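# Residue-level structure breakdown
Chain by chain, the residues run as shown.
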Amino acid sequence: MDRQLIKHVFGRTDFGSAVTVAGWVRTRRDSKGGFSFIDLNDGSSFSSIQVIAPGELANYQSDVLRLTIGSSIAVTGELVESPGEGQAVEIRAAEITVYGFADPETYPLQKKRTSLERLREIAHLRPRTNTIGAVARVRNALAFATHRFYQERDFLYLHTPMITTSDAEGSGEMFQVTTLDPASPPRDLDGNVDYTQDFFGRQAFLTVSGQLEAEAYALALDRVYTFGPTFRAENSNTRRHLAEFWMIEPEAAFFDLDDNARLAEDYLKYMVRYLLETCEEDIAFFDKWIDDSVLATLTAVVDRPFERITYGEAIDILGKADAGFEFPTTWGSDLQSEHEVYLAEQAFDRPVIVTDYPSDIKAFYMRRNDDGTVAAMDVLVPRVGELIGGSQREERLDVLAASIDRHGLDADLYWWYLDLRRFGTAPHSGFGLGFARMVAFATGMQNVRDVVPFPRTPRNAEF
RNA sequence: UCCGGGGUAGCUCAAUUGGCAGAGCAGCGGGCUGUUAACCCGUGUGUCGUGGGUUCGAGUCCCACCCCCGGAGCCA
């Protein structure tokens, strides 16, 4: 079939020429003049194209008048300038082929607005809605911009493993990976499960981060980034958490914290700029129907420099704020959600990079500063809170070993990680960006469950 | 996991002190119209989340559980 995507038809002005499109019916409106209007969408653009189905079509009575929302058809006809308002072009059909009807009695989507909660229950059909379709296009644009950004800066795309045998990669519960029979696993003499008989000869899990492996490659290939799934078995029931989510983790040799922060800012600006250039119609939709501050927020990301403060300065600001915080804002306590939101929305109203946290509240691998803080950085954005977490890594063998010890971790498990400092160590930095949170930030969608095609959360893995 | 709010027609919701379970939308039938989430008339729809209990009588009151949503924590 010599078919065109609908988004390409919109750009045509060669009225009178032949055109073929295919997609799913959004609405059908019948005219007493003996013809019908069909709004057809194939997901290639936010807008549907209007098809005029003349009553003279051979299957007008038998097929066209039975078309309802969700039906799939192909249309061949003539491109015409639309005499009606609301669209510049339309298609006067000469032939309409029906691939599948969608029984309106049972098809869950109707012309009326459906709640996002309801759409989660029909995740296989929700990409046919305006909102979720737009989310999918934005998500795609952000993913593409991510690769383009890092490739342009000579970062090498690295595939880190999804299965790990380290049960101490970071905080958080991990999903176990096993081929043992859960009903009757082999036991050792003490009665414990004998994982030496498991597939990997030891206990294995789904990864919570590709960072440690990325560091190994950064200390050989200079600049790398990962872009893949990670898993957390936490029983988190919030609009910001998923059990399975994609993360982008750049890692760069000879980058200090300042280089790292600059990379993060450049990356976010690059993504947003690309989005505004390529998804104008989708963003306009989000701004109108989902969150009327989205466009202004995104524009500000591109136009204004990010605020950069230290943890100590953040504590000062929060301490002076008259915001009735529930949690204390004393030095040494971690920033709570309410604090992050205050900083990004009230205090600065733009992305804020907070650096140099107390070592006690941060991960073992972060580089220790002389004053007892670590070279960590979090990027906080309005509405979403923490979007990026990163640090300069501890490259000094003795300091790292001491940190592992102080965090109560088993140094033997990190033998290869320590090797990276034992042989040709170098300063390096990196960060992780939660992709779902980025999509939520970019669209104004409140819940990450609505920006991931088939979200996995506690008790939910239907599709 | 903790706190709070919910679960009633396909969808979104209502139902007074416990007293015949309703409306809008969608669907279907008809009318009207180069229409734009079209409009007008007519029309059907129930495991009231599940299981117990109180009562002459429970959507409504009590107990337990399940699920969903929001907030918190954990974090990206």
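The structure this text deals with has already been given above.
Counting starts from 1 at the beginning of each chain's written sequence and moves along it residue by residue. Each chain gets a letter, beginning with A, and each ligand a number, beginning with 1, in the order they are written. pLDDT decides what is reported in this predicted model: residues at 70 or higher carry local features, side-chain atom pairs at 80 or more are listed and counted, and totals for whole chains, interfaces and linings draw on all residues regardless. Excluded from the side-chain calculation are hydrogens and water; included are all heavy atoms of the structure.

## Some points on the pattern of salt bridges
Applicable threshold: The salt bridge criterion pairs a side-chain nitrogen of Lys or Arg with a carboxyl oxygen of Asp or Glu, the two atoms within 4 Å. Helix and strand assignments come from DSSP, with helices taken as H or I runs of at least 4 residues and strands as E runs of at least 2, each series counted from the N terminus. Each residue is placed in one exposure class: buried if its accessible area under a 1.4 Å probe, protein chains only, is under 20% of its type's maximum, exposed if it is over 50%, and partly exposed if it falls in between.
The final tally for this structure, using the stated rule, is 23 salt bridges. Across the salt bridge formed by glutamate 307 and arginine 350, the nearest N and O atoms sit 3.7 Å from each other. Residue glutamate 307 is found in strand E12 (residues 307-310), and its partner arginine 350 is found in the loop between helix H9 (337-347) and strand E13 (352-358); the two are separated by 43 residues along the sequence. The exposure class of arginine 350 is buried, given its relative accessible area of 18%. We note a salt bridge from arginine 367 to glutamate 395, for which the minimum N-O separation is 2.8 Å. Of the two residues, arginine 367 sits in the loop between E13 and strand E14 (373-381) while glutamate 395 sits in the loop between strand E15 (385-392) and helix H10 (397-406), which places them 28 residues apart along the sequence. Assessed through its relative accessible area of 11%, glutamate 395 is described here as buried. Connected through shared salt-bridge partners, Glu215, Glu251, Arg393 and Arg421 make up one network.

## Overview of unusual backbone geometry
Despite not being glycine, aspartate 349 has its phi angle at roughly 55°, a positive value. Mapped onto the secondary structure, aspartate 349 falls in the loop between H9 and E13. Its identity as a non-glycine residue notwithstanding, arginine 383 has a phi of 75°, on the positive side. Summarising the element assignment, arginine 383 is placed in the loop between E14 and E15.

## Concerning the side chain of aspartate 378
Using the following cut-off: By the convention used here, residues are in contact when the closest approach between their heavy atoms is within 4.5 Å.
You can see aspartate 378 is positioned in strand E14. What makes aspartate 378 buried here is its relative accessible area of 5%. Sequence-distant contacts of aspartate 378, that is, excluding residues within four places in its chain, are made with Val352, Ile353, Val354, Tyr357, Lys362, Glu386, Ile388, Gly389 and Gly390.

## Digging into the protein's contact with RNA strand B
Which entries qualify depends on this criterion: Neighbouring residues are identified by heavy atoms, a residue being near a molecule or strand if any of them is within 4 Å of it. Here a polar contact is taken to be a pair of N or O atoms separated by no more than 3.5 Å, where protein atoms must pair a possible hydrogen donor with a possible acceptor and residues adjacent in sequence count only if both atoms sit in side chains. Side-chain classes are defined by residue name, with Ala, Val, Leu, Ile, Met, Phe, Trp, Tyr, Cys and Pro counting as nonpolar, Asp, Glu, Lys and Arg as charged, and the others, Gly among them, as polar.
The local shell around RNA strand B holds 50 residues, among which Lys111, Arg239, His241, Gln336 and Arg437 are the closest. Backbone atoms, meaning sugar plus phosphate, form 53% of the atoms of RNA strand B positioned within 4 Å of the protein. Between RNA strand B and glutamate 90 there is a distance of 2.5 Å, counted from a base nitrogen to a side-chain nitrogen or oxygen. Considering every element that reaches the surface near RNA strand B, the biggest residue donor is E15, with four residues. Looking at the surface near RNA strand B, its residues break down into eleven nonpolar, 19 polar and 20 charged.

## A short note on the sheet that holds E12
Rules: DSSP-based pairing: two strands are paired if at least 2 bridges between them are found. Axes here mean lines fitted to C-alpha atoms, for a helix over just the part in contact, with angles spanning 0 to 180 degrees between N-to-C directions.
Strand order across the open sheet formed by eight strands is E6-E10-E11-E16-E15-E14-E13-E12, with mixed pairing between neighbours. At either margin of the open sheet sits one strand with a lone partner, and together these are strand E6 (156-157) and E12. Against the sheet, helix H5 (residues 257-278) makes contact with strand E11 (244-253), E12, E13, E14, E15 and strand E16 (428-434), and its axis sits at roughly 35° relative to E16, the strand it touches most.

## Some remarks on the sheet that holds strand E7 (residues 163-164)
Judged by pairing direction, the sheet is antiparallel, and its three strands sit side by side in the order E7-E9-E8 without closing on themselves. The sheet terminates laterally at E7 and strand E8 (176-177), the two strands that pair on one side only. Of the strand pairs in this sheet, E7 and strand E9 (residues 204-206) are connected by two bridges, and their pairing is antiparallel. Looking at E9, one finds that threonine 164 is bridged to phenylalanine 205.

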